[in-house]
Amino acid sequence: MKTLDYIHLDAVAAGKVVEALQQLLADYQVFYTNLRGFHWNIKGHGFFVLHSKFEDMYNDAAEKVDEIAERILMLGGTPANKYSDYLKMAQIKEVDGVNKADDALNHILETYGHLIAEERKILSLASSHNDEVTVAMMSDYLKEQEKMVWMLTAYNG
């Protein structure tokens, strides 16, 4: 038997959720790499605060990448694992040469805006297919990210 047989989710419905999660996985992989670049290259005012914060953020993104990939596996899919595939699928674009705090923070806020919108779509899709685990996962991400947006907006003035 397959995992879906034991967790009582419909394969067609799970496939739709998997497709949406694949997109989110690709977006998070690109976001992770962008955050690493911000961490390495940030200069000027706010360096000490942001260098550390960006490290926290990319570690969080790495955890989410793993959680999303594992959820894809639980739902009967196979997560993409080639960076070239992520670049083709991702709606978030690679960023290079950002070393100013305002530029990095604006990019991060835009990215969170995108991720939040996608996670709300996945939450709704998963809910319509009785996939409470994916719903809970997206709800947890949204709770964290809405707070982070508020904090970054306050920091950015």
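Described below are features of the structure shown in this document. This structure is a prediction, so every number in the text was calculated from the model and none was measured. Every chain is numbered independently, its residues counted from 1 as its sequence is written. A pLDDT threshold of at least 70 governs which residues receive local features in this predicted model, and a stricter bar of 80 or more applies before side-chain atom pairs are shown or counted, although totals over entire chains, interfaces and linings include all residues. Computation of side-chain values covers all heavy atoms of the structure but excludes hydrogens and water.

1. Examining unusual backbone geometry
Part 1 of the argument: Phi at His 8 takes a positive value of approximately 60°, unusual for a residue other than glycine.
Part 2 of the argument: Here a strand is any run of E in DSSP of at least two residues, a helix any run of H or I of at least four, and the numbering for each starts at the N terminus. Structurally, His 8 is set in the loop between α1 (3-7) and α2 (11-41).
Part 3 of the argument: Although it is not a glycine, Asn 130 sits at a positive phi angle of roughly 60°.
Part 4 of the argument: Within the element layout of this structure, Asn 130 appears in the loop between α5 (101-128) and α6 (132-156).
Part 5 of the argument: Working definition: with a 1.4 Å probe on protein chains only, accessible area under 20% of the residue-type maximum means buried, over 50% means exposed, and in between means partly exposed. Note on Asn 130: relative accessible area 53%, which makes it exposed.

2. Looking at the pattern of salt bridges
Part 1 of the argument: Each salt bridge in this description consists of a side-chain nitrogen of Lys or Arg and a carboxyl oxygen of Asp or Glu lying within 4 Å of one another. On inspection of all chains with the given rule, the structure shows 5 salt bridges.
Part 2 of the argument: With a shortest N-O distance of 2.6 Å, Glu 144 and Lys 64 are connected by a salt bridge. Taken together, the residues Glu 144 in helix α6 and Lys 64 in helix α3 (residues 47-74) connect sequence positions 80 residues apart.
Part 3 of the argument: Among the residues examined, Lys 64 registers a relative accessible area of 2% and is labelled buried.
Part 4 of the argument: Across the pair Arg 120 and Glu 146 runs a salt bridge, and its minimum N-O distance is 2.4 Å. With Arg 120 in helix α5 and Glu 146 in helix α6, this residue pair connects regions lying 26 residues apart in the sequence.
Part 5 of the argument: Counted as one network, the salt bridges with shared partners bring together Asp 60, Lys 64 and Glu 144.

3. Section: the environment of Lys 100
Part 1 of the argument: Along the polypeptide, Lys 100 turns up in the loop between α4 (83-89) and α5.
Part 2 of the argument: Classification of Lys 100 as exposed rests on a relative accessible area of 53%.
Part 3 of the argument: A sequence separation of 62 residues divides Lys 100 from Phe 38, and the C-alpha atoms of the two residues are 8.6 Å apart.

4. Things to note about α3
Part 1 of the argument: Helix span, expected: 1.5 Å multiplied by one less than the number of residues in the helix. Between its first and last C-alpha atoms α3 spans 40 Å; for 28 residues at 1.5 Å apiece the expected length is 40 Å, and the two agree.
Part 2 of the argument: Every buried residue belonging to α3 is among Leu 50, Phe 54, Met 57, Tyr 58, Ala 61, Lys 64, Val 65, Ile 68, Ala 69, Arg 71 and Ile 72, and all of these are buried.

5. Here's the deal with the side chain of Asn 34
Part 1 of the argument: Within the secondary structure, Asn 34 is located in helix α2.
Part 2 of the argument: Under the relative-accessibility criterion, Asn 34 is labelled buried at 2%.
Part 3 of the argument: Separated by 3.0 Å, the side chain of Asn 34 and the backbone oxygen of Lys 93 make a polar contact.
Part 4 of the argument: Residue contacts are counted whenever heavy atoms from the two residues lie within 4.5 Å of one another. Excluding anything up to four places from it in sequence, Asn 34 contacts Ile 92, Lys 93, Glu 94, Val 95 and His 107. Contacts described as polar in this section are N or O atom pairs within 3.5 Å, which, within protein, must combine one atom able to donate a hydrogen with one able to accept it, while residues neighboring in sequence count only if both atoms come from side chains.

6. Here's the deal with the nonpolar core
Part 1 of the argument: Membership of the largest hydrophobic core comes to 44 residues, with the highest contact counts inside it found for Leu 21, Tyr 28, Phe 54, Ile 68 and Ile 108.
Part 2 of the argument: For this core, the element with the most residues is α2, which contributes 12 residues.
Part 3 of the argument: Sequence-distant contacts of Leu 21, that is, excluding residues within four places in its chain, are made with Ile 68, Arg 71, Ile 72, Leu 75, Ile 122, Thr 134 and Met 138. As used here, the term nonpolar core means buried Ala, Val, Leu, Ile, Met, Phe, Trp, Tyr and Cys residues forming a set that is joined through side-chain atoms within 4.5 Å.

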